[in-house]
Amino acid sequence: MSDALPRTVEDALTHARALGVDRLDAQLLVGAVLDRPRSWLIAHDRDPLPGDTAQRIATLIARRAAGEPVAYLLGEKEFFGLTLAVNPDVLVPRPDTETLVEWALTLLPSDAPADVLDLGTGSGAIALAIRHHRARAQVSAVDASAGALQTAADNGARLNLPVRWLAGSWFAPVGGERFDLVVSNPPYIAEDDAHLPALRHEPRSALTAGPDGLDDLRTIVAQAPGHLKPGGWLLLEHGWDQADAVAQLLTDTGFHEVSHRLDLGGHRRCTGGQWPGLSPTHPGSV
Ligand code: GLN
């Protein structure tokens, strides 16, 4: 970008393009600084930028060009219809993870209570989306990161969605409790994965899990039987090429009904199974 500050919205978008910043991203950043919707920007693209907004816009565009996620720059991200505050303590919620929420909702009756646990909740996205759509569910959510858990708890308070937030590693904070449904989007990227540089602004502890990316998935599957009620389900998000490995883990551990769900790109992104012991009078529900 040239040293000169942008004088108009059009200028700012031109600077952004020169730096390789996506046009929609640039519009979102400009709109956030000016506190205007995109429709306004389009109609006022030659208005002079007021006060210190040109400087603030230039700074955000430069940070975006250096790879910071738009969600961190805006401080929020929409997930499953909820606006969540996000910051570098938490992974930015991905649209692909909505697949996991949709699957969870099909297993949860809307008119009966259910005990639900979200492991590695991050911003609280999955737990809050489930609680938003299943008011009778008792939702608990665990994270090992104090910063993430605070972000999640703040999101819950702001959205007025009660979730029990618990600090610790995977099942450790729930002791001997058992659940109808356990969901998790754990770290699942291999430590040497070529995509990691592009994700460098997000918390490494939320992304990588050992040489094959399966370390945390193995831990969760191994410990889940001690925390599921008979007939309870475990649903997991994982890497685009890990579906067979996760299905094998579930089958080897004794899960039944192992199946997959596709993400927006058509990859098998989620795999889950049912812990046996369901009474035959309630097939398929939790
Ligand atoms: N789906 C994210 C990505 O590939 C990673 C999420 C995760 O590790 N749980 O960018």
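Source: prediction; values computed, not measured.

**Student:** What's the story with the nonpolar core in this structure? I'm lost.
**Tutor:** Across soluble globular proteins, nonpolar side chains have a tendency to be buried as a group. One finds V101, I130, W165, L181, V183 and L235 to be the most contacted residues of the largest nonpolar core, which totals 32 residues. Contributions of two or more residues to this core are made by β2 (82-85), α6 (98-107), β3 (114-119), α7 (125-133), β4 (137-143), α8 (146-159), β6 (179-184) and β7 (228-237). Once residues lying within four places of it in the same chain are set aside, the contact partners of L181 are A104, L107, L108, D115, V116, L117, W233 and L235. Among the nonpolar cores identified, the runner-up in size contains 27 residues, and L166, L207, I220 and V221 belong to it.

**Student:** I tried to follow the environment of H133 on my own but got confused; where do I start?
**Tutor:** Mapped onto the fold, H133 is located in helix α7. Each C-alpha atom, one on H133 and one on A190, is 33 Å from the other, the two residues being 57 residues apart in sequence. Leaving out residues up to four positions away in the same chain, H133 has contacts with F80 and L105.

**Student:** Looking at this structure, I do not really get the pairing of β2. What am I missing?
**Tutor:** Two faces make up the sheet, and in a regular strand the side chains alternate between them. Side-chain alternation along β2 places L82 and L84 on a buried face and T83 and A85 on a face that remains uncovered. Judged from the 4 bridges that link them, strand β1 (residues 76-79) and β2 form a sheet pairing that is antiparallel. Opposite E78, over in β2, you have T83 as the bridge partner. As consecutive antiparallel partners, β1 and β2 are separated by 2 residues, and within that stretch F80 has a phi angle of approximately 50 degrees, a positive value.

**Student:** Even after reading the chapter, I still don't get the pairing of β3, so can you show me in this structure?
**Tutor:** Counting buried positions over the 6 residues of β3 gives 5, a clear majority of the element. With 6 bridges joining them, β3 and β4 adopt parallel strand pairing. Within β4, the position partnered with A114 by the bridge is A137. Handedness of the crossover joining β3 and β4 through α7: right-handed.

**Student:** Help me understand helix α10 (residues 243-253) in this model?
**Tutor:** One turn of an α-helix holds 3.6 residues; hence residues three or four places apart share an orientation. Those residues of α10 not exposed but buried are A243, V246, A247 and L250. Seen end-on, α10 carries its buried residues on one side only, within an arc spanning 100 degrees. Exposed side of α10, more than 90 degrees from the buried face: D244 and D252 are the residues found there. Buried residues along α10 sit in contact with α9 (215-223), β7, β8 (256-262) and β9 (268-274).

Cut-offs applied
- Residues numbered from 1 in each chain as written.
- Predicted model: local features only at pLDDT ≥ 70, side-chain atom pairs only at ≥ 80, totals over all residues.
- Heavy atoms only, no water.
- Core = buried A, V, L, I, M, F, W, Y, C linked by side-chain atoms within 4.5 Å.
- Buried < 20%, exposed > 50% of the residue type's maximum accessible area, 1.4 Å probe, protein only.
- Helix = DSSP H or I, 4+ residues; strand = E, 2+ residues; numbered from the N terminus.
- Contact = heavy atoms within 4.5 Å.
- Pairing = 2+ DSSP bridges.
- Right-handed = clockwise from strand over helix to strand, strands pointing away.
- Arc of directions from axis to C-beta.

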